[in-house]
Protein chains: 2
Amino acid sequence: MSSSTWPSSTGWRAVPDGFGRDNLPFGVCRQGDRRFAAVRLGDAAVDLDALQRAGGLRDVDLPAGVFTTGVLNDYLALGPGTWARTRAVLQEADLDRVLVPLADVDMVLPIEVADYVDFYSSEHHARNMGLILRPDTEPLLPNWKRLPVGYHGRAGTVVVSGTPIARPRGLVAGDGEPEWRPTRVLDIELEVGTVIGVGSAMGARIRADDADGHVFGFVLLDDWSARDIQAFEYQPLGPFLAKSFATSISPWIVMLDAVRPFLSAGHPQVPEPAPYLRSTRPWHLDLDLEVDLNGTTVSCTSFGHMYWSFAQQLAHVTGNGARARTGDLLGSGTVSGPEPGTRGSLMEMTWRGRDPLALADGTTRTFLEDGDTVVLRGRCGGPGDARGWIEFGECAGTVLPAPHEPGGV
Amino acid sequence: MSSSTWPSSTGWRAVPDGFGRDNLPFGVCRQGDRRFAAVRLGDAAVDLDALQRAGGLRDVDLPAGVFTTGVLNDYLALGPGTWARTRAVLQEADLDRVLVPLADVDMVLPIEVADYVDFYSSEHHARNMGLILRPDTEPLLPNWKRLPVGYHGRAGTVVVSGTPIARPRGLVAGDGEPEWRPTRVLDIELEVGTVIGVGSAMGARIRADDADGHVFGFVLLDDWSARDIQAFEYQPLGPFLAKSFATSISPWIVMLDAVRPFLSAGHPQVPEPAPYLRSTRPWHLDLDLEVDLNGTTVSCTSFGHMYWSFAQQLAHVTGNGARARTGDLLGSGTVSGPEPGTRGSLMEMTWRGRDPLALADGTTRTFLEDGDTVVLRGRCGGPGDARGWIEFGECAGTVLPAPHEPGGV
C-alpha cells in the first residue's frame, strides 16, 4: 500500500501518493492520435491495452481491443466479476514495462455518459438554499426527506477536468424586460459522481443493497451553475440552461472496490424511507473533499455528510421501472456540511454574496470572475489511516469570458 | 405523388397512403437477427443496405455499412447535403427489388437518443395546466413568453411505438405519510419530437434560421406521465420519475425536406423574443394530429397551434453554448389547441378528471386504465391538398399493470 511505503510529512497534496496498488483508478489517456484505457499508479498511467497485448491480463476474460475504444463503457459493461479480477491481477502484476508518465499524456473524458442525473442529497445544502432563497418558509420542502430529489442534466456537456468553462449567456430578470446577457452569478457545486457500470432492464428496479452489482466507481464533479439564469427559468420544470453549459468530472474513476474500507452507515434517516429506498448495508462514503479557488482553500467538507446515499439514488432512479445503462452518471448534489467552512457552493459560502471570500492573493470573491480557476480535490483516508489512502485527484476548470457575439447580442 | 395516384374515398387512415415518393420517412427494421435502415414506401420498407450494395446509391457519398449499424445516427451525422442527395436518388430509383413488406419486419427504435429535452411550447396547454393546478393565479408564469420552457428527460427510456407501457410506481402524497404505489393518474402527452442530425460545437450556438442545417426530421412522441407522482416530486427541480419510465416515439422519422411545403410562420409572438430566439423564416409545421384511445378519437389538433417553433427550441438549447449532438431529441411539449376537442393530455381533456370521456365501447375514462391502448397519428396535408400528403404513421402503446413486487411493496 502506497501510504505505508511512501509516507510523506508534507501533506496529502504535496506528493503523488494515495495512488498506490490499493487505488488503481481507471481513466482514458490520449497520446498523439492514440487513446488507451489506463489505471493510475503514482505519477504514471498503466497502459492496459499494452498490458493486455503482452499477455498480462490473460487471467481476466476480456475481449480484444476493449481498452482501445476511447471510452471505458465496453469494459464497464463486463460487470463486477471482471472488474474484481482485473483489479486483483493489477495489484500483483509487474507493470514496469507498461507505465507511461502522466506528463506524456492528456486525460480525456473516461466514459460516454448515457443519462446524467443530478441529485440534491445534502440536507445542509438543501436547508441553506431554502434559507437563502425562501427565507420566510420552512427551508426543506415536504418531499425532501421522503425521496432523493433529482432531475436529469445534459449528458452531452459533461467534460473532463481541465476543460475551460466559458461564461454562459442566458435570459435574466431585470427591472423591465428580461435581458439576454452573460451570467453575473457564476457558481460552482462540489459534488461526487457515481458511475454506473452495469445497467438494468426496463421494469427491473435495482435495490439499494444491490448497488455493488451496478456501481463501478466515483469521480469528483463540478456542477457549474448560473444562478441568475436559474432563477428566471426554473419554474415549473426545473433548472435547464443554468446548468447545461458544462459539468466537469475528474479523469480517474475510483473503483467502489477501492473505497470499500471507507463505506459507512451514514446518519440515521428519520422518517424511515419508503421500502424501495431502504438498505441494510453501509452505502455512505467517508470521502474528504475540498474546494480550491485560485490557490486558496475555500471549503473542506466530507461526502459522509450526505443524507441520501448513492445506493438510494440508484434505487430511486430505477424505482419507477426506468432502466439504468452503462455510463449513467449520478451527481450527488452539492456536498455541504453543517459549518460555514464546509459548504460546497459559493451561493452558500458567501450567503448569496453578502459575505465575500478573502483569497490568498488579497482579492475577494462573491461569485466567479473570468480567469478564476476552481479545483476540487478528494481523498479517502490518508497517511497513517489504518483503512488506507485513496486519492481521487483533481477536478479543475478555469472560467473564460463569454464568447464574442457578432452584432453585440 | 401517392396522393394523386392512389386517391381514396375512405379517409386518410383507411389506406396505406401518404407514404409516397414525396414522403420516404427513415426508420430501422428488424428481420430475424438482421437490422437495416429503410425508408417507407406505401406498405413496404425500402431496404437501404440492399439498395446500397446493389449500387443504387452510388451517386450519394455514403460509407459502406452505414445502413447496418442498427440505428440511423451515423447516417444522420453525414448532414443535409447527403440527406438531400439520398432523397433525390430515392425519388427516382427503381426500388422494386429492395422492397420488403412491412408485415415481414419489426420496427425498432430508429436512433440512439443522445440528449432528450422536453419542452412546454403550447400556450393553450400551459394555460390549461396553470388553470387546473393553480386556479387562483395567472396561469402563465413570467418566463413563459420570454423563452421556451423545457427540461432534460431520460434518453435511455425512449422506446419505439408498440412497446408496452408498464404502470409505474412512485411516492404519492396521501392523508399522512406519502405512499409508494402504482400511479392512479396515468396520462399521455401528445407531442412532436424533432430529431437532430448534425450537432454543434461547445460554445457555438445554433441560430433559429439555421435549423435546417441541423434538423433531420420529426416523429410523433407520447410523453407518458404519472400526475400523482409528478405532484409530489417536482419541486424544486422539475419532473423526474413521473416522466422517466417511458417515452414512446413513432418508428418513421419524417424528413424536414418532406414537410417543407407545410412550414408556416406561426402566430405572432408578443413580446418579441430575445435576439437569440428570433427567426425570419417559417419554422412552424402545419401537422394535423389526433389521439385515439381504445378506438375512439378523443382529440384532433394541429402542431401549427404551438407558440414556440422547433427552430426556436434548438436555438434555446444551444443558447448558453451547450453543444447539440447527432441523435438529440427535442419534444415539443403537449400539443393543445384552443378548443376542448383539441387538447393533447387527459388532464386537460377531462379537466383533471371532472369531465370523463365517453368511449365508443360504452365505457368512460378520466385517466388510463390497465389494458388501454393509446395511438397518436399525424399527417401533413391529405388527399386533394395541393401541398401534398405526408403521413407520420402511428405512435402506439398499451398500458400493462404495474409489475408484481415480491413482498407486496
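Residues numbered from 1 in each chain as written. Chains lettered and ligands numbered in written order. Predicted model: local features only at pLDDT ≥ 70, side-chain atom pairs only at ≥ 80, totals over all residues. Heavy atoms only, no water.

A.B. asks: Explain the overall build of chain A here, please?
C.D. replies: A tally of regular secondary structure across chain A gives nine helices and 26 strands. Over its C-alpha atoms chain A spans a radius of gyration of 21 Å, differing by no more than 12% from the 22 Å that the globule rule assigns to 409 residues. With the C-alpha coordinates of chain A rotated into their principal frame, the extents come out at 70 × 50 × 45 Å. The buried share of chain A, taken over its 409 residues, is 63%. Considering only contacts within chain A whose residues lie at least 6 apart along the sequence, 72% involve residues at least 24 apart. Accessible surface, chain A: about 14,400 Å² in total, of which carbon and sulfur atoms supply 51%. (Helix = DSSP H or I, 4+ residues; strand = E, 2+ residues; numbered from the N terminus. Rg over C-alpha atoms; globule rule 2.2 N^0.38 Å. Buried < 20%, exposed > 50% of the residue type's maximum accessible area, 1.4 Å probe, protein only. Contact = heavy atoms within 4.5 Å. Areas by Shrake-Rupley, 256 points an atom, 1.4 Å probe, with all protein chains shown as cover.)

A.B. asks: I tried to follow the pattern of salt bridges on my own but got confused; where do I start?
C.D. replies: Here the idea is simple: oppositely charged side chains can pair when their charged atoms come close. All names here are of chain A. Scanning the entire structure with this criterion turns up 58 salt bridges over all chains. Between Arg387 and Asp385 there is a salt bridge, and its shortest N-O distance comes to 3.0 Å. Three or more residues joined by partner-sharing salt bridges are found here, namely Asp187, Glu189, Asp223, Arg227 and Lys243. (Salt bridge = Lys/Arg side-chain N within 4 Å of Asp/Glu carboxyl O.)

A.B. asks: How do you make sense of the interface of chain A and chain B when you look at a structure like this?
C.D. replies: In many analyses, interface size is given as the accessible surface area lost on bringing the parts together. Listed per partner, the contact involves 59 residues of chain A and 59 residues of chain B. Here chain A meets chain B over a buried area of about 5,500 Å², counting both sides, of which 60% is carbon and sulfur. Counting across the interface, chain A meets chain B through four salt bridges. If you look at where chain A meets chain B, you find 25 residue pairs in polar contact (both at pLDDT 80 or more). Those elements that provide at least two residues to the side of chain A that touches chain B are β6 (116-119), β7 (150-153), β10 (169-172), α6 (227-233), α7 (241-244) and α8 (310-317) of chain A. Here the side of chain A that touches chain B takes four residues from β7(A), the largest share from any one element. Its residues placed into classes, the side of chain A that touches chain B shows 33 nonpolar, 13 polar and 13 charged. (Buried area = accessible area lost by both parts, 1.4 Å probe. Polar contact = N/O pair within 3.5 Å; in protein donor to acceptor, adjacent residues only side chain to side chain. Nonpolar A, V, L, I, M, F, W, Y, C, P; charged D, E, K, R; others polar.)

A.B. asks: Any chance you could explain the packing of aromatic side chains here in plain terms?
C.D. replies: Pairs of aromatic rings are described using the distance from one ring centre to the other and the angle between the two planes. Counted according to the given criterion, the structure contains 22 aromatic pairs over all chains. Consider the rings of A:Trp83 and A:Phe216, whose centres lie 5.1 Å apart with planes at 85 degrees: the pair is edge-to-face. Placement of A:Trp83 in helix α4 (residues 80-92) and of A:Phe216 in strand β14 (residues 215-222) is noted, with a sequence separation of 133 residues between them. As far as the burial class goes, A:Trp83 and A:Phe216 line up, both buried. With a centroid separation of 5.2 Å and an interplanar angle of 10 degrees, the aromatic rings of B:Phe26 and B:Tyr75 are classed as stacked. With B:Phe26 in strand β1 (residues 26-31) and B:Tyr75 in helix α3 (residues 73-76), this residue pair connects regions lying 49 residues apart in the sequence. The burial state of B:Phe26 is the same as that of B:Tyr75; both residues are buried. The rings of A:Phe26, A:Phe67, A:Tyr75, A:Trp83 and A:Phe216 are connected pair by pair, giving a single aromatic cluster. For the cation-ring pair, B:Arg40 lies above B:Phe19, with the distance from its terminal atom to the ring centre recorded as 3.6 Å. (Phe/Tyr/Trp six-rings, centres within 6.5 Å; stacked < 30°, edge-to-face > 60°. Lys NZ or Arg CZ within 6 Å of the ring centre and 35° of its normal.)

A.B. asks: Explanation requested: helix α4 (residues 80-92) of chain B in the structure shown.
C.D. replies: The α-helix winds at 3.6 residues per turn, so residues separated by three or four positions along the chain end up facing the same way. The terminal C-alpha atoms of α4(B), which comprises 13 residues, lie 19 Å apart, in line with the 18 Å expected from a rise of 1.5 Å per residue. On its buried face, α4(B) is in contact with β1, β2 (34-41), α2 (48-53), α3, β14 (215-222) and β17 (254-255) of chain B. (Expected span 1.5 Å × (residues − 1).)

A.B. asks: Just checking my understanding: could you explain helix α8 (residues 310-317) of chain B for this structure?
C.D. replies: Along α8(B), eight of the eight residues are buried, which leaves the element largely enclosed by surrounding structure. Along α8(B), the residues that are buried comprise B:Phe310, B:Ala311, B:Gln312, B:Gln313, B:Leu314, B:Ala315, B:His316 and B:Val317. Among the structural elements, α7 of chain A together with β6 (116-119), β13 (190-196), β14, β18 (263-264) and β22 (329-331) of chain B are those in contact with the buried residues of α8(B).

A.B. asks: Got a minute to help me understand empty space enclosed by the protein in this structure?
C.D. replies: Picture a little ball the size of a water molecule; that probe, rolled over the atoms, points out where space is still empty. Residue and element names in this part refer to chain A. Inspection of the entire model under this criterion finds seven cavities of 30 Å³ or more. Here the largest cavity is characterised by a volume of approximately 60 Å³. Lining the largest cavity are 13 residues, and of these Tyr151, Gly153, Arg154, Lys243 and Ser244 lie nearest its centre. Mapped by element, the contributors of at least two residues to the lining of the largest cavity are β6, β7 and α7. A total of three residues in the lining of the largest cavity trace back to one element, the largest contributor, which is β7. Tallied by class, residues from the lining of the largest cavity come to four nonpolar, five polar and four charged. (1 Å grid on protein atoms, 1.4 Å probe; cavity = no way out; pocket = protein on both sides within 12 Å on 5 of 7 lines; lining within 4 Å. Points joined across faces, edges and corners; volume = space filled by probe spheres on them.)

A.B. asks: Hey, could you run me through the environment of B:Met255 in this one?
C.D. replies: Residues and elements named next belong to chain B. Among the structural elements, Met255 can be located in strand β17. Judged by relative accessible area, which is 2%, Met255 ranks as buried. Taking the C-alpha atoms as reference, Met255 lies 23 Å from Gly344; in sequence the two are 89 residues apart. The residues touching Met255, leaving out its near neighbours within four places in the chain, are Phe26, Trp83, Arg87, Phe216 and Gly217.

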